[in-house]
Number of protein chains: 2
Amino acid sequence: MLLRKLLFVCICSMTAIYALAQSNEPALMPYPERATWVAGKYRITDRLQASLVCDQKDDILSASANRVFQGINRKTGIYFRQAMLTPGKDIPGASLRIIARQKAEFTRGMDESYTLRVNAEGIQLDAANSIGAIRGLETLQQMLMQDAEGFYVPFADIVDKPRYSWRGLMIDVSRHFIPLDVLKRNIDAMATVKMNVLHLHLTDDEGFRIESKSMPQLHQKGSDGQYFTQEEMKGLIAYARLRGIMIVPEFDMPGHTRSWFAGYPEMASAPGPYTPGPRFTLSDKDTAINIAAIMSAPTPTIDPTREDVYKLIDKFLTEMATLFPSPYMHIGADENNGAAWRQNPKIKAFMEQKGMKDTHSLQAYFVSRLYTILRKNKKTMIGWEELYGPELAKDVTVQKWIPEGGFMKTAGKADAIAEGGNPVLISTGFYTDLFMPAYIHYNNPNLPDAVHPNLWGGEAAQWTEIADARNIETRIWPRAAAIAERLWSPASRKDPEDMYNRLFSVSRQLDEQGLQHTSAYESGVRRLAGNGDPSALRTLADVLTPLKGYKNLFSRFSQPARLANNRAPLVSLCDIIPVDSEIKRRFRNNVAAYLSSRDPAKAAEIRIQLRTWESNHARLMRDASLRHAASPIAKHSENLSKLSAAGLRAMDLLEKGSTMPEEEMKSLQLLFTEARKQSAETELDIVGEIESLVKQKLLPEPAQYPLF
Amino acid sequence: MLLRKLLFVCICSMTAIYALAQSNEPALMPYPERATWVAGKYRITDRLQASLVCDQKDDILSASANRVFQGINRKTGIYFRQAMLTPGKDIPGASLRIIARQKAEFTRGMDESYTLRVNAEGIQLDAANSIGAIRGLETLQQMLMQDAEGFYVPFADIVDKPRYSWRGLMIDVSRHFIPLDVLKRNIDAMATVKMNVLHLHLTDDEGFRIESKSMPQLHQKGSDGQYFTQEEMKGLIAYARLRGIMIVPEFDMPGHTRSWFAGYPEMASAPGPYTPGPRFTLSDKDTAINIAAIMSAPTPTIDPTREDVYKLIDKFLTEMATLFPSPYMHIGADENNGAAWRQNPKIKAFMEQKGMKDTHSLQAYFVSRLYTILRKNKKTMIGWEELYGPELAKDVTVQKWIPEGGFMKTAGKADAIAEGGNPVLISTGFYTDLFMPAYIHYNNPNLPDAVHPNLWGGEAAQWTEIADARNIETRIWPRAAAIAERLWSPASRKDPEDMYNRLFSVSRQLDEQGLQHTSAYESGVRRLAGNGDPSALRTLADVLTPLKGYKNLFSRFSQPARLANNRAPLVSLCDIIPVDSEIKRRFRNNVAAYLSSRDPAKAAEIRIQLRTWESNHARLMRDASLRHAASPIAKHSENLSKLSAAGLRAMDLLEKGSTMPEEEMKSLQLLFTEARKQSAETELDIVGEIESLVKQKLLPEPAQYPLF
């Protein structure tokens, strides 16, 4: 009978969660600058007629309008009588009018504004140019809602434009190769949340991922055969262009270049031979990681003193300047500790001869030589913040990534750099590979409140030491949508709960559109469950979160074989679970409401959830496959059960007006501490909420988490 | 309390299902010719050492062995110390030895046999050549099992070879374009179940899907821009080759050629202009479909009387003969009713002049001209069975597809054609687009019991009038695995329950490998549920099956707009649900066991399931989004609830030793009839099982289903 009660609750709680998720306002993300909602619904039927009032040759707007039209078609299942939207064709009486007053390609800083008005007459989207119109089309698609009568768009008056001009996503395709279809799905998702720059980190120690026709040994010897041909890259650039997205390539130099040296060892500051692979490797004998030693060890680095090296770089970058139409080119310049240079007597002699007092000066020299090559090719240079210094040309954009007060010296505050004349991009606080919850990115303190014209915006960044083609979508999305909103919407919009309410709806939208972030998680749980019932494992996984910060990466060093190179399978729970869980957010909201109002309905929901968790450990341990799958996180499962029992007990006491005996509270305090410990690079993510129940006050979530 | 009881059961039933799915024998599919299982387990650890004893240049075996090695690595999460398997390197003491005595490319009829022995010493896979070895590797991968201690391969002695040499899958990439990534995932799945031919139906009325450099208007005007470039096709051929799979192209002529005429209207037997599109279109005014009228109406057809037409065909096929290395080329030749020819006076005059008494003779003339072109290019011709006749050259392979006693005349029995000297392929009974359950394909009566040397094998066939990139994986898989087994395993292996037990395990394996057949279904249910809880919709969807046969396609004609062309969204439940449901099979097995043994444990499981179904309708109707999503199949939901109540009542009576009053039985009979009616091209798939409960005897499943 107990079991019956416990399980009953499980389904009820699901129903409750979904009921609460429904709202009368559409889940727009990024939220517009101004939106006025008016009572009324514009119904979508098969007789919807749409006009595309624009230049007849506007292929960008035409492609996006038809893509969104098909999206509405797929979402509603309504087969529109109108076959497709023809650019330049104004259909009399059309109830959807999309107007772009000028044909335009995407360029940074352009007008991306639009207005969108929905009333009884229909829908009118108006923009100064094609790109503004496609941003508005994404808003329109998110406004599609469903009630018992069918689909509609709520009446509204929207005036919208972005806060920042550069809203990027960086994907490292080198550490683990990320294939074209995955990148295309990411581009689709970026378009949905109005991001406009895909920054591809194309080369690193582990792999050279772009075909070079002028220096074919770069990709042939510098990769395991996994690279983009130039034809493929042209296709990807065209795909992004039609969505108002620019692809900016990064060729990281002078460090992070081991893969270059596989084909061209003569470019290195230490003799070869080289093969592509991580900067540092650990052997079976290493049992702990010495970060300081790793950060100061010499790593493969380009020799910046030789003219023939610049000839090769010039040849390669000139080839790439033609392949990539973007006016920007990223040259990396990060994490060069100079150790390899200091070990080479010829390089030391060069420095002495030129009067350079440190390796930063030598790097500045190297950067200035690349600057000349880029200028010749009419490209604007971008680099990570290590390239910043007083000698840096003012038209070089500085991308910040190093956390303040952390393990490396930053280039300074974004404001100061912008004030000093260099454009700035912010990635500090936007690293999705650090497993931070969305609210941390959303309220990123590294983004100044005031917008200086030199502060162009920022980029979410996904490095791939521990991400691959299978799990990268779950890693980036939906959290990158919160970053996209931070970069688009007014600074005043910053309530995390409001953001989360919309975030999970956008996540469902991305799932519908074909993004694999949810499917990969579900399929991963099924894989781990073997022939066992995946739902028990799923109940636990839904309240786990990956260990945050660099701790996650470093924790794996305790089993050196797992990180010895990028072949290690990324298949554990830590690798497949999302960072933010809808179940956890909902539970937290319920606890908050219950503690402030003692609402019996909330109490019932909370009890239902707690009973499900309490009984889940037994379910998980009953089956051999599940028991094996759960063995690395069995401690979490057991703690979840204990915590849930404690939560139920606390509610009983609270409702009886009793307080918890001191001894009991003491032992629970030990449980909270114990339950917060990581296991297999995962953490139990509802400890604070249950502790809140026990202590009868909602404990705040951390404003930040340690990286180490 | 009632609700509590009902829901309790839901989770228990899941657990029961998964518990039953576990077995001590691995789920091999196709099942080997001979397998002996010995007590004992070979444990997989990170110290597994593997030798690839083969030619050093054996890239096929090397690629497959490393792919399977990585598959084991992903499945187990074990990071092997051995980085990769190097061909030709025999590692002393290796516990996994893979031996291929000869390097080989795949060719039809080659030796694909292997032996696999697992004992305490390790695993030895032995094959005459590379292709046999990669077939054995797939068996090895399926033998990986899991218990509470971890992963192992059970001790075994396997001797295996295929029954047929041609085990194909045909995919129509014309009606709906099927992109490269989807085809690659299909190739991976084919490799898993030892299929060896991917037959691509590249051209049809709706689209010309291959780039022609000699006649670029074919793909440029004959498609909507969705086609394979020759570079892409070369990549796909190479991808398939590494998996022992040959790609056979089909260029369907002389009918099904509307897309050809968009660029080359002069090839048609009636004047243009033409645009790509379905052979026949219906207008809003058509309310019913007249099959006979459609089948006899003139459709776009090549003019076979003109020499300049053969020059163009020669130019195109000669170009394709170089692009596709396969020695086979498929020229279609299906469904030409001759009506277009009879309407053209010049063609009629040509026939009279040549003394041809019917259009079949003219088609035979056309085929003989193509035969000459193919011979010149050293290609063996394949065609659909309509090309068969006494005049057909004996080295032309005849692919049967027309059901006996159906709507069209067949070319005769497979035996007779083979006996007459022509090679034969069977697709009759293997059409996955007809929504038949796997057991129908498995026991396909069109495949003769005796294997004549001219009977090469067969092909699963997936046409895409109502399948697209999103749902095609759910359409083909896992059912094609049952067809693969039929074509590989001995004829004596034909128990459907045994097949189903393994089929659902293979389905999980394909899911793990990245095939989207399950994820697409789940994501589709989430899409339909909107912001509502998808689990209620899922419970219903799990016991629905698409309407079977051509009825499904034709039912859509009742809403002509839905089929007017291939832009209609394929997003209804009918489009996303799989044909076979594991829940249904398990329920059927439980009912069978209960009726024969009165086992109380089975009775409990059945009751649990029935209560879940009984209460599901109320769950579904409670939420506005779900109510809207379920509206087209609300009748099924209601009937499922009523049937479940009836099943529970019948069990109560049975256990009390009472019989059902006649009146009640009569009204139930009406319910059974009512519940069997289709709704929105779906059928409720557990009516027979509940009727079995009520009538206290297991009703057999149909040996076949009507196509119309």
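Residues numbered from 1 in each chain as written. Chains lettered and ligands numbered in written order. Predicted model: local features only at pLDDT ≥ 70, side-chain atom pairs only at ≥ 80, totals over all residues.

Caption draft 1: View of unusual backbone geometry. Residues and elements named next belong to chain A. That bond from Gly272 to Pro273 is cis: its omega, 0 degrees, falls within 30 degrees of zero. Summarising the element assignment, Pro273 is placed in the loop between α7 (258-263) and α8 (291-296). Residue Trp477 is joined to Pro478 through a cis peptide bond whose omega torsion reads 5 degrees. With respect to the helices, strands and loops of the structure, Pro478 is situated in the loop between α15 (472-476) and α16 (479-488). For Lys194, which is not a glycine, the phi torsion comes out positive at approximately 65 degrees. As for its position among the elements, Lys194 is in the loop between α4 (180-192) and β9 (197-204). Judged by C-beta crowding, with 25 C-beta atoms within 10 Å, Lys194 ranks as buried. (Helix = DSSP H or I, 4+ residues; strand = E, 2+ residues; numbered from the N terminus. Buried ≥ 20, exposed ≤ 12 C-beta atoms within 10 Å, placed from the backbone.)

Caption draft 2: Layout of helix α3 (residues 130-142) of chain A. Over its 13 residues, α3(A) runs 19 Å from end to end, which matches the ideal 18 Å to within 8%, given 1.5 Å per residue. Within α3(A), 13 of the 13 residues are buried, leaving the element largely enclosed by the surrounding structure. (Expected span 1.5 Å × (residues − 1).)

Caption draft 3: Representation of the domain arrangement of chain A within the structure. For chain A, the assigned domains are domain 1 (2-17 + 520-695), domain 2 (34-160) and domain 3 (166-491). Here the C-alpha centre of domain 3 of chain A lies 37 Å away from the C-alpha centre of domain 1 of chain A. (Domains from an automatic or database assignment.)

Caption draft 4: Structural view of the pairing of strand β8 (residues 166-172) of chain A. Residue and element names in this part refer to chain A. Burial analysis of β8 places 7 of its 7 residues in the buried class, which makes it a mostly covered element. Burial along β8 is two-sided: Trp166, Gly168, Met170 and Asp172 and Arg167, Leu169 and Ile171, pointing in opposite directions, are all buried. Pairing of β8 with strand β16 (residues 455-462), which is carried by 6 bridges, proceeds in the parallel orientation. By the bridge assignment for β16, Trp166 is matched with Gly457. The sheet contact formed by β8 and β9 spans 5 bridges and is parallel. Considered in β9, the bridge of Gly168 is made with Val197. A crossover links β8 with its parallel partner β9, the connecting element being α4, and its sense is right-handed. (Pairing = 2+ DSSP bridges. Right-handed = clockwise from strand over helix to strand, strands pointing away.)

Caption draft 5: Inspection of the confidence of the model for chain A at higher detail. Residues and elements named next belong to chain A. Looking at chain A as a whole, its pLDDT mean stands at 93, while 94% of the residues score no less than 70. Across residues 1-22, where pLDDT falls below 50, the model places 42 contacts with residues more than four positions away in sequence or in other chains. This prediction of the complex comes with two scores: 0.94 for pTM and 0.91 for ipTM. (pLDDT = per-residue confidence, 0-100. Contact = placed C-beta atoms within 7 Å.)

Caption draft 6: Fine view of the pairing of β9(A). All names here are of chain A. Summarising burial for β9: 8 of the 8 residues are buried, a large majority. With 6 bridges connecting them, β9 and strand β11 (residues 246-253) associate as parallel partners. Of the residues in β11, the one forming a bridge with Leu198 is Ile247. Sheet topology note: the β9/strand β10 (residues 207-208) ladder contains 2 bridges and is antiparallel. In the sheet register, Asp204 faces β10, and the bridge partner there is Gly207.

Caption draft 7: Looking closely at helix α2 (residues 59-76) of chain B. All names here are of chain B. If you check α2, its first and last C-alpha atoms are 25 Å apart, about what 18 residues at 1.5 Å a residue would give, namely 26 Å. When we look at burial in α2, the residues that qualify are Ile60, Leu61, Ser62, Ser64, Ala65, Val68, Phe69, Gly71, Ile72, Asn73, Lys75 and Thr76. Remark: Gly77 follows α2 within two positions and exhibits a positive phi of approximately 75 degrees.

Caption draft 8: Up close: the environment of Ile347(B). Residue and element names in this part refer to chain B. With respect to the helices and strands, the residue Ile347 is situated in helix α11 (residues 345-354). Assessed through the 22 C-beta atoms surrounding it within 10 Å, Ile347 is described here as buried. Sequence separation between Ile347 and Phe177 is 170 residues, and the spatial gap between their C-alpha atoms is 33 Å.

Caption draft 9: Structural view of the packing of helix α19 (residues 534-541) of chain B against helix α23 (residues 600-622) of chain B. All names here are of chain B. Across the interface, α19 lies against α23 with an axial gap of 9 Å and an inter-helix angle of 135 degrees. By the criterion of interaxial angle, the relationship of α19 to α23 is oblique. For the pair α19 and α23, the sense of crossing is left-handed. Touching Ala536, Leu537, Thr539 and Leu540 of α19 are Thr612, Asn616, Arg619 and Leu620, all from α23. Looking at the contact of α19 with α23 residue by residue, the classes come out as 4 nonpolar, 3 polar and 1 charged. (Axes fitted to C-alpha atoms, helices over the stretch in contact; angles between N-to-C directions. Parallel < 35°, antiparallel > 145°, perpendicular 65-115°, else oblique. Left-handed = near helix turned anticlockwise from the far one by under 90°. Nonpolar A, V, L, I, M, F, W, Y, C, P; charged D, E, K, R; others polar.)

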